[in-house]
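Structural features, examined
The primary structure of each chain is shown beneath.
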Amino acid sequence: MNYSSLENCVLDLEKHGHLIRVTEAVDPCLEMAAIQRRVYAAKGPAILFTQVKGSRFRAVSNLFGSLERTRFIFRGTLRGVQKLVDLKVDPSLFFKRPLHYAGAIGTVLNLLPRKKRGGPIFDHTCEISDLPPIQSWPKDGGAFITLPQVYSEHPNFPGWKMSNLGMYRIQLSGNQYTKNSQIGAHYQIHRSIGVHHAAAIQKSKKLRVSVFVGGPPAHTLAAVMPLPEGLTELAFAGAMAGRAFRYARRDGHVISTDADFCIVGTIDPSATLPEGPFGDHLGYYSLAHEFPFIQVEKVYHKTNAIWPFTVVGRPPQEDTSFGEIIHEITGPIIPTVIPGLHAVNAVDAAGVHPLLLAIGSERYTAYQNRKPQEILTIANAILGQGQLSLAKYLMIVAREDNPDLNIHHIDEFLIHLLERIDWRKDLHFQTETTMDTLDYSGTGLNSGSKVVMAAAGEKKRELSKTLPSEFSLPAGFGDPRIVMPGVLSIKSPRFADKSTTQTELAGLSESLSFQRINGVHLIVLSDDSTFTSASLNNFLWVTFTRSNPAVDIYGVGSFYHDKHWGCEGPLIIDARIKPHHAPPLEEDPEIERRVDALGEKGKSLFGII
């Protein structure tokens, strides 16, 4: 079934048992977000909130709360889009299996957006203050739109062909924004809207933007889709919806006629206001910084509009399903974009961008002992490719060493790498470079380092699952725990400063150099080794969100040779919380008690949470 509206989707999900209604009046400040987190964690259904305090509009969340439900939503079009991807990878497939791929022709017909004179979106107008003011975390700077579709056009090439539809953070209230007139817009300069922003600066011209909320679920997915150059998000939205993207122009603005809401306005590219804080997908707050803002001109909405939202926080959250469905759709394209690359996985549990796993070909040394060479070339290409360039830790291995290695079996991948990597040769740093804006482990906003860890060749060592009985640590260090084979977590003194750290780490390295721990190849220092070792997800989150490679990587028997850094013994990553890190996200106990009450017998969430 293909949906022409969000309402169609909600009713269909309810009909098939994928959605429940919360009929109690709920507070958009913290309570709705807490409900979403709890229902998602319980693997529950989508949620339609019929009474949102302070707003006349209904709201829906958890639409994409599982991969299975996401596939169900797109059951009518997913295969057709996948066939188009197959044909892009290998056009000859059409001639080899014409009947199988004939259905892709219908998908192609929906790629071209259709201009309309009007539509349901023009039924009504309202103020920003009428919209559901959903705040997800206690220290958030105000209410945010968490599923926006932000549309902009290139000032030098007007029209939808060079347009961008992206999911960028929109702050509705708080800070210094003038009520009902200004809303925040947080986007990174490397994104496509950043290109439009730069062009607007050159032309000394305001950038027109439209913020669509709701509409067919395919439009939301299109806004987060990493698409190849030449394919616009509007075209993908039409293909995925099974219905061409419909739009109109009013007062110079593009408006999705199928959206539930549309905010139109302009961005003065030379003007900024503080935006944030905001609880983000790394599991911490991104703090308040100067960002552009939208000068609001008008807010449109359809009759009986529904406000979709999600909650961003430490993974996994609902947006995990976005990553999974994106991989299903785009996975086959990867080798055509970067030759020799077979698979990549931006690890959700590590906050997505901090840790990227990759499998590539290593054919340069097929006639001798295999070592990382071609995969280093591939690694450089990865770090120059779109959102993959945000990777902070890139771990890449050679497919030839284990053709059956699954990039999504993270523990198996890490074991494979640790069995083969040589810390003396296989670490390659990029220092004084850019980092994800949301990552506060670096040396400043957007500033930090990267490291490539490459492994190819025969297995070099056995990894330990236990420590020798005589294992000891110097004063201040304790509670050593094996996280997984070859990986040790150690509770360390609270971080003081860089000088103290270097003294502490020198003593630790010296102590470890005299002990028999050959099977331990990676050591993680943290504030709580019990928490870090409790699960693979905890290890991934702590290690890769709380460290900056060039600053926080140490090693037993470390050395420099021709400006190359390496170590003879185990690698040490300092993943303690530092003073410059952003605070982690924490829930409000009182709000959690209110959610508990909704799970009691006779209440809407009984039997779900």
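Before reading on, note that the structure itself is shown above.
For clarity, every value in this text was computed on a predicted model and none was experimentally measured.

**Some points on the side chain of Ser-492**
In this structure, Ser-492 sits in the loop between β27 (487-491) and α15 (498-513). A distance of 3.3 Å separates a polar atom in the side chain of Ser-492 from the backbone oxygen of Ile-490. Setting aside anything within four residues of it in sequence, one finds Ser-492 in contact with Gly-476, Phe-477, Leu-525, Ser-526 and Arg-576.

**Focus on the packing of helix α2 (residues 31-41) against helix α19 (residues 589-598)**
In the contact formed by α2 and α19, the axes pass within 9 Å of each other and the chain directions differ by 60 degrees. Taken together, the axes of α2 and α19 are oblique relative to one another. Note on packing geometry: the crossing formed by α2 with α19 is right-handed. Listed contacts from α19 to Glu-31, Ala-34, Ile-35, Arg-37 and Arg-38 of α2 are Ile-591, Glu-592, Arg-594, Val-595, Asp-596 and Leu-598.

**Some thoughts on the pattern of salt bridges**
A full pass over the atoms with the stated rule returns 28 salt bridges. In this structure, the salt-bridge partner of Asp-422 is Arg-424, at a minimum N-O distance of 2.9 Å. A salt bridge links Arg-576 to Glu-504; the shortest N-O distance between them is 3.3 Å. Highlighted residues: Arg-576 in the loop between β32 (571-574) and α19 and Glu-504 in helix α15, separated in sequence by 72 residues. A relative accessible area of 18% means that Glu-504 is categorised as buried. Shared partners join several salt bridges into a network, and the residues in it are Glu-504, Asp-552, Asp-574, Arg-576 and Lys-578.

**So, the sheet that holds strand β22 (residues 355-360)**
For sheets, the rule is that strands pair by backbone hydrogen bonds, running either parallel or antiparallel. With respect to topology, five strands assemble into an open sheet ordered β21-β22-β23-β25-β24, the strand pairing being mixed. Taken across any chain shown, the strands that pair with only one partner, and hence form the sheet edges, are β21 (341-346) and β24 (427-434). Sheet twist, expressed as the mean angle between neighbouring strand axes with direction ignored, is 15 degrees. Sheet analysis places β21 next to β22, joined by five bridges and oriented antiparallel. Bridge pairing in β22 places Val-344 opposite Ala-358.

**Quick word on the layout of surface pockets**
Looking at the second largest pocket, its volume works out to about 450 Å³. As for the second largest pocket, its lining consists of 18 residues, and the residues nearest its centre are Ala-550, Ile-553, Tyr-554, Tyr-560 and Trp-565. For the lining of the second largest pocket, the secondary-structure elements that each account for two or more residues are β24, α15, α18 (549-552), β29 (553-555), β30 (558-561) and β31 (564-567). Element by element, the count of residues in the lining of the second largest pocket is highest for α15, at five residues. Residue composition of the lining of the second largest pocket, grouped by class: ten nonpolar, six polar and two charged.

**Some words on the packing of helix α14 (residues 410-420) against helix α17 (residues 536-545)**
Two packed helices can be described by the angle between their axes and the distance between those axes. Where α14 contacts α17, the two axes come as close as 11 Å, and the packing angle between them is 60 degrees. Touching Ile-410, Asp-411 and Leu-414 of α14 are Leu-536, Phe-539 and Leu-540, all from α17. Of the residues belonging to the contact of α14 with α17, the class tally is five nonpolar, no polar and one charged.

**Some details on the sheet that holds strand β20 (residues 306-309)**
The strand order across the open sheet formed by four strands is β1-β2-β3-β20, and the pairing between neighbours is mixed. At either end of the open sheet lies a strand with only one pairing partner, and these are β1 (19-22) and β20. Strand-to-strand, the axes of this sheet are offset by a mean angle of 25 degrees, without reference to chain direction. As paired strands, β1 and strand β2 (residues 46-49) are joined by four bridges and run parallel to one another. By the bridge assignment, Leu-19 is partnered in β2 with Ala-46. Most of the contacts of helix α1 (residues 6-15) go to β1, to which it runs at about 105 degrees, and overall it touches β1, β2, β3 (58-61) and β20. Contacts from α2 reach β2, β3 and β20, with the element oriented near 160 degrees to β2.

**Describing the nonpolar core**
In terms of nonpolar packing, the biggest core is built from 52 residues, with Leu-221, Met-240 and Ile-329 touching the most fellow members. Looking at this core element by element, the count peaks at six residues for helix α10 (residues 233-241). Apart from residues lying up to four places away in sequence, Leu-221 is in contact with Phe-74, Phe-236, Met-240, Phe-322, Ile-325 and Ile-326. By size, the runner-up hydrophobic cluster in this structure holds 45 residues, among which are Tyr-393, Leu-427, Val-451 and Ile-553.

Basis of the calculations
- Residues numbered from 1 in each chain as written.
- Predicted model: local features only at pLDDT ≥ 70, side-chain atom pairs only at ≥ 80, totals over all residues.
- Heavy atoms only, no water.
- Helix = DSSP H or I, 4+ residues; strand = E, 2+ residues; numbered from the N terminus.
- Polar contact = N/O pair within 3.5 Å; in protein donor to acceptor, adjacent residues only side chain to side chain.
- Contact = heavy atoms within 4.5 Å.
- Axes fitted to C-alpha atoms, helices over the stretch in contact; angles between N-to-C directions.
- Parallel < 35°, antiparallel > 145°, perpendicular 65-115°, else oblique.
- Left-handed = near helix turned anticlockwise from the far one by under 90°.
- Salt bridge = Lys/Arg side-chain N within 4 Å of Asp/Glu carboxyl O.
- Buried < 20%, exposed > 50% of the residue type's maximum accessible area, 1.4 Å probe, protein only.
- Pairing = 2+ DSSP bridges.
- 1 Å grid on protein atoms, 1.4 Å probe; cavity = no way out; pocket = protein on both sides within 12 Å on 5 of 7 lines; lining within 4 Å.
- Points joined across faces, edges and corners; volume = space filled by probe spheres on them.
- Nonpolar A, V, L, I, M, F, W, Y, C, P; charged D, E, K, R; others polar.
- Core = buried A, V, L, I, M, F, W, Y, C linked by side-chain atoms within 4.5 Å.

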